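Structural features, examined
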Amino acid sequence: MSDYVLVINAGSSSLKYSLVDAASGAAPAVGLVEQIGEAEGHHSHRGPDGELSTKLKVENHEDALRAALEAFSSHGPSLDDVELAAIGHRVVHGGARFGDPALIDDELVAAVTELVPLAPLHNPANLEGIEVARRLFPDLRQVAVFDTAFHQTLAPEAYTYALPLELRDDHGIRRYGFHGTSYAFVAAEAARLLDRDLADLNLIVLHLGNGCSAAAIRGGESVDTSMGMTPLEGLVMGTRSGDLDPAIHAHLARELGKSVAEIDQLLNHGSGLKGLAGGNDFRELSERREAGDARAQLAFDVYCHRIKKYVGAYYAVLGTVDAIVFTAGVGQHSAAARAASLANLERLGIELDESRNTASGADARRVSADDSPVAVLVVPTNEEWQIARETVALIR
Ligand code: ADP
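The structure contained in this document is the topic of the report that follows.

Before going further, it helps to spend a moment on the nonpolar core. Ile-204, Leu-206, Leu-208, Tyr-303, Val-311, Ile-324 and Ile-350 are the most contacted members of the largest nonpolar core, which has 40 residues in total. Going through the elements one at a time, β9 (202-208), β10 (212-218), α10 (272-277), α11 (282-290), α12 (294-318), β12 (323-327) and β14 (375-378) are the ones with two or more residues in this core. Considering each element in turn, this core owes the most residues, 11 residues, to α12. What Val-311 contacts, discounting residues up to four positions off in sequence, is Ile-204, Leu-206, Ile-324, Leu-342, Leu-345 and Ile-350. If you look at the next biggest cluster of nonpolar residues, it comprises 32 residues, including Ala-85, Ala-86, Phe-185 and Leu-377.

Below, the structure is given as structure tokens:
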């Protein structure tokens, strides 16, 4: 049997897919169908026989997956030739129930459906992707890989909010954490780069993409993470506020007359870098900052200050730290964000090497000084490969 996995990441109006060789990480085809349900959608597919970029109306996720299958036929590779081993689905919220990937069956679908109240923006779309793939590939095994699973190792003191305990026990209001697939991949890569056993390492990993989070990882297990019951808590993100005084919610309602839905929208989609500086794209923000734009500078400063606070907090949680690892779009590409977030931490044993930090590179690399007791690493994440590996590991 091959090690090829079709990895599916279904969003509310998009379907991202890639064909991944779980053994090597090679991805001979990647594609994205966007604006599902809108008057005009878009489909891109890159395969061995060429690239497709086309506008089309996509009614629903089933249409989207059918379009993907047509693109495999027309632009390769042929799914008949690669003989898929399985389909791996990214599922955002696995609640307290899923600490590992799980084979998809009716019972799993029911369990993920039960978790919809915890992830109303994400789980329904993930379920849609699962249902459609089960219809179109009835004979293939399918696996759910949860974003929350990696953090199921958190101890009660790390995952419990200081609220009446019944809210945790009866309603599931607790920290779950996200980006787990990325953390699992990046932690293993960091150990490889350091030529150490992951079981012996204490890591602080900073996943800085559109969504941003931090994790404290001891011996390959998550001990704390910045996202909470939902992905809104923690670091400043592209459009999410991250940490706030919880009383701000009531204030927004009472004094500014905002509804619950408006507050949810504001904090998830109109805050973070977008709220501070008018745009969520970090590259654009960096260009504006370099050109002297004061709002862009403030947004950058708030963003990096928050990261630094979490580095300090997780340093204390771990006691000793072997490496701080930056990943995802901003973490991998913004030397300025890495430098500002770790400035003046020499007394904690954290010292960047300026020329290493500013040198560009696509591979995993060390950016700290040789005599920095804490290594600082840049490690590209690869969530699709991790999903493919976990999928194959489960079915074998
Ligand atoms: P997602 O969470 O959507 O997977 P990514 O990990 O791709 O996001 O990260 C997207 C973010 O990374 C965007 O804010 C983008 O501007 C930023 N980014 C990408 N390349 C660069 C770069 N060269 N310099 C600064 N920021 C970058």
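With that settled, consider the state of the cysteines. Per the counting criterion, the structure on display carries zero disulfides. With no disulfide of its own, Cys-212 has Cys-304 as its nearest cysteine by sulfur position, at a separation of 10 Å. Judged by its relative accessible area of 0%, Cys-212 falls in the buried class. With relative accessibility at 4%, the residue Cys-304 sits in the buried group.

So, about the packing of aromatic side chains. Per the counting criterion, the structure on display carries seven aromatic pairs. Ring geometry for Phe-98 against Phe-146: centres 4.4 Å apart, planes inclined by 15°, an arrangement best described as stacked. Residue Phe-98 is located in the loop between β6 (86-91) and β7 (102-103), and its partner Phe-146 is located in strand β8 (residues 142-146); the two are separated by 48 residues in the primary sequence. Both residues of the pair, Phe-98 and Phe-146, count as buried. With centroids separated by 5.6 Å and ring planes inclined at 70°, the aromatic side chains of Tyr-310 and Tyr-314 adopt a geometry described as edge-to-face. Here the residue Tyr-310 and the residue Tyr-314 both occupy positions in helix α12, the gap between them amounting to four residues, near one helical turn. Residue classification places Tyr-310 among the buried positions, given a relative accessible area of 12%. Directly above the aromatic system of Tyr-159 lies the positively charged group of Arg-174, at a separation of 3.7 Å from the ring centroid. In this arrangement the basic side chain of Arg-289 is found over the ring face of Phe-300, its NZ or CZ atom lying 3.8 Å from the centre.

What the six strands build is an open sheet, ordered β11-β10-β9-β12-β14-β13; its pairing is mixed. The open sheet terminates on both sides in strands that have one partner only, identified here as β11 (221-225) and β13 (365-366). Across seven bridges, β9 lies against β10 in antiparallel orientation. If you follow Val-205 over to β10, its bridge partner there is Ala-215. In this fold helix α7 (residues 180-194) packs onto β9, β10, β11, β12, β13 and β14, with an angle of close to 125° to the strand it touches most, β9.

Right, let's get into the pairing of β12. Of all five residues in β12, five are buried; the element is thus mostly enclosed. Covered by surrounding structure in β12 are Ala-323, Val-325 and Thr-327 together with Ile-324 and Phe-326, the residues of both alternating faces. Pairing geometry for β9 and β12, over five bridges, is parallel. Each residue of the ladder has a partner; that of Leu-203, found in β12, is Ala-323.

In space, the eight strands of this open sheet follow the order β5-β4-β3-β2-β1-β6-β8-β7, with mixed pairing throughout. At either end of the open sheet lies a strand with only one pairing partner, and these are β5 (50-56) and β7. Helix α4 (residues 123-136) contacts β1 (4-10), β6 and β8 of the sheet and is inclined by roughly 165° relative to β6.

Quick look at the side chain of Asp-21 now. With respect to the helices and strands, the residue Asp-21 is situated in strand β2 (residues 15-21). Of the buried charged residues, Asp-21 lacks a salt bridge, with Arg-396 as the closest side chain of opposite charge at 8.5 Å. Reaching out from Asp-21, the side chain makes a polar contact with the side chain of Ser-24 at a distance of 3.1 Å. When neighbours within four sequence positions are excluded, Asp-21 is seen to be in contact with Asp-3, Tyr-4, Ala-26 and Trp-385.

Before going further, it helps to examine the side chain of Gln-386. On the secondary structure map, Gln-386 appears in helix α16 (residues 383-395). Of note is the side chain of Gln-386, whose polar atom sits 2.7 Å from the side chain of Glu-390. Setting aside its immediate chain neighbours within four residues, Gln-386 contacts Thr-181, Ala-184 and Phe-185.

Rules of the game
Residues numbered from 1 in each chain as written. Predicted model: local features only at pLDDT ≥ 70, side-chain atom pairs only at ≥ 80, totals over all residues. Heavy atoms only, no water. Core = buried A, V, L, I, M, F, W, Y, C linked by side-chain atoms within 4.5 Å. Buried < 20%, exposed > 50% of the residue type's maximum accessible area, 1.4 Å probe, protein only. Helix = DSSP H or I, 4+ residues; strand = E, 2+ residues; numbered from the N terminus. Contact = heavy atoms within 4.5 Å. Disulfide = S-S within 2.5 Å. Phe/Tyr/Trp six-rings, centres within 6.5 Å; stacked < 30°, edge-to-face > 60°. Lys NZ or Arg CZ within 6 Å of the ring centre and 35° of its normal. Pairing = 2+ DSSP bridges. Axes fitted to C-alpha atoms, helices over the stretch in contact; angles between N-to-C directions. Lys, Arg positive; Asp, Glu negative; His and termini not counted. Salt bridge = Lys/Arg side-chain N within 4 Å of Asp/Glu carboxyl O. Polar contact = N/O pair within 3.5 Å; in protein donor to acceptor, adjacent residues only side chain to side chain.

Spatial relationships are all this shows, so hold off on functional conclusions.
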